Amino acid sequence: MYSIKMRASKNDRHISGAETIVKRESIESTVNKFIKRAFSHENGIPDFVNIKIEEIKEDITYLDHLSIKTIDCKTKEEAREVAKDILRSQGMREDVIKEAFKIIDKGNMRGASLLNLEGYRLEPNRERGVRVKCISTSEELKEKILKNNIGTERTIDAIAIATKVIDLGVIAELCLSDNLTYTTGYVATRSGYYRITNLKNKGDPGGRIFFVDINKGDIEKIERLIRDLENKPYIIK
Ligand code: PML
């Protein structure tokens, strides 16, 4: 199996990214699809596109996806209350939740932020953040999501990320799309992947926060988690 990753930017600003894990015979068609995606993103035409193809030598973890539920909200305020309720139910403190939204609303996040239960940011490089890589959604799951209207194309990538991070011990994930017009975000926990409509307004920035129960001094644990988030291969079915 091979991991394929695409990253597109303009003037050093991230425009879009995608990744998957495929068999040898699907490499070419996947690369073509990713090139098309890079050049047809509503956030702009890139001046730099990076495509990386790597053989996966590690064992791949095959995992069932978190259950998906959509919660319809009419306004950003209502949506954020729903998101906060879910985060509170996982033991997150009010000030930490507030900090999480503040980080996302500031914008320009390239990767996710790791926030611990005391509200300390644990990612070693705030500019870069943490990237969840080496993941893919099975063809069956993609089809199920789209055919049954459980979610959208964006849900396909996001459910793989959310299922992987929760499996690796992240308590909850809060995500808003960096796509300027995509306003549905989500909160993921062990109990499911909650899509929340209108979690941001059109034009607002996006970002990802991983809430973790790790002390800020526990460097070994932080490094292990980042290594696994970035490199441990998962296929979500
Ligand atoms: C992103 O743009 O990558 C975030 C996607 C959020 C998807 C929410 C949904 O399931 O619709």
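Check the entry above for the structure.
Residues numbered from 1 in each chain as written. Predicted model: local features only at pLDDT ≥ 70, side-chain atom pairs only at ≥ 80, totals over all residues. Heavy atoms only, no water.

*Asks:* What is the right way to read the pairing of strand β9 (residues 185-189) from this model?
*Replies:* Sheet faces and side chains relate simply in a regular strand, where the side chains alternate between the two faces. Of all five residues in β9, five are buried, a share of seventy percent or more. Alternating positions in β9 separate into two faces, Gly 185, Val 187 and Thr 189 on one and Tyr 186 and Ala 188 on the other, with burial throughout. Strand direction decides the pairing type here: strand β8 (residues 172-176) and β9, joined by four bridges, are antiparallel. Counted as the bridge partner of Ala 172 is Thr 189 from β9. Note that β9 and strand β10 (residues 192-196) share five bridges and pair antiparallel. Residue pairing across strands places Val 187 opposite Tyr 194, the latter belonging to β10. Linking β9 back to β10 in an antiparallel pair, the connection comprises two residues. (Buried < 20%, exposed > 50% of the residue type's maximum accessible area, 1.4 Å probe, protein only. Helix = DSSP H or I, 4+ residues; strand = E, 2+ residues; numbered from the N terminus. Pairing = 2+ DSSP bridges.)

*Asks:* How should I be thinking about the sheet that holds β8 in this particular structure?
*Replies:* As a general point, the strands of a sheet are linked pairwise by backbone hydrogen bonds and lie either parallel or antiparallel. With mixed pairing, six strands are arranged side by side in an open sheet as β5-β10-β9-β8-β11-β6. With partners counted over all chains shown, the strands left at the sheet margins are β5 (68-71) and β6 (113-116), one partner each. Here the average twist between neighbouring strands, direction ignored, is 20°. In the packing of helix α3 (residues 94-106) onto the sheet, contacts are made with β6, β8 and β11 (207-212), and the angle to β11 comes to roughly 155°. (Axes fitted to C-alpha atoms, helices over the stretch in contact; angles between N-to-C directions. Contact = heavy atoms within 4.5 Å.)

*Asks:* What is the right way to look at the pairing of β6 in this model?
*Replies:* Residue alternation in β6 divides its side chains into two sets, Ser 113 and Leu 115 and Leu 114 and Asn 116, and both sets are buried. Here four bridges tie β6 to β11, and the two strands are oriented parallel to one another. Paired with Leu 114 across the strands is Phe 210, a residue of β11.

*Asks:* Would you explain the site of the ligand in this entry?
*Replies:* Close to the ligand lie Arg 154, Thr 155, Cys 175, Ser 177, Tyr 182, Thr 184, Tyr 186, Tyr 193 and Arg 195. Within the side chain of Thr 155, an N or O atom sits 2.8 Å from an oxygen atom of the ligand. Coverage of the ligand by the protein chains reaches 93% of its 340 Å² of free accessible surface. Elements with a minimum of two residues in the shell around the ligand: α5 (153-167) and β10. (Near = heavy atom within 4 Å. Polar contact = N/O pair within 3.5 Å; in protein donor to acceptor, adjacent residues only side chain to side chain. Areas by Shrake-Rupley, 256 points an atom, 1.4 Å probe, with all protein chains shown as cover.)

*Asks:* Before we go on, may I ask you to explain the side chain of Lys 5 in this structure?
*Replies:* Checked against the element boundaries, Lys 5 lands in strand β1 (residues 2-10). Under the relative-accessibility criterion, Lys 5 is labelled buried at 15%. Here Glu 54 takes part through its side chain, which lies 3.4 Å from a polar atom of the side chain of Lys 5. Residues within four places of Lys 5 in sequence aside, it is in contact with Ala 18, Glu 19, Asn 50, Ile 51, Lys 52, Glu 54, Lys 133 and Cys 134.

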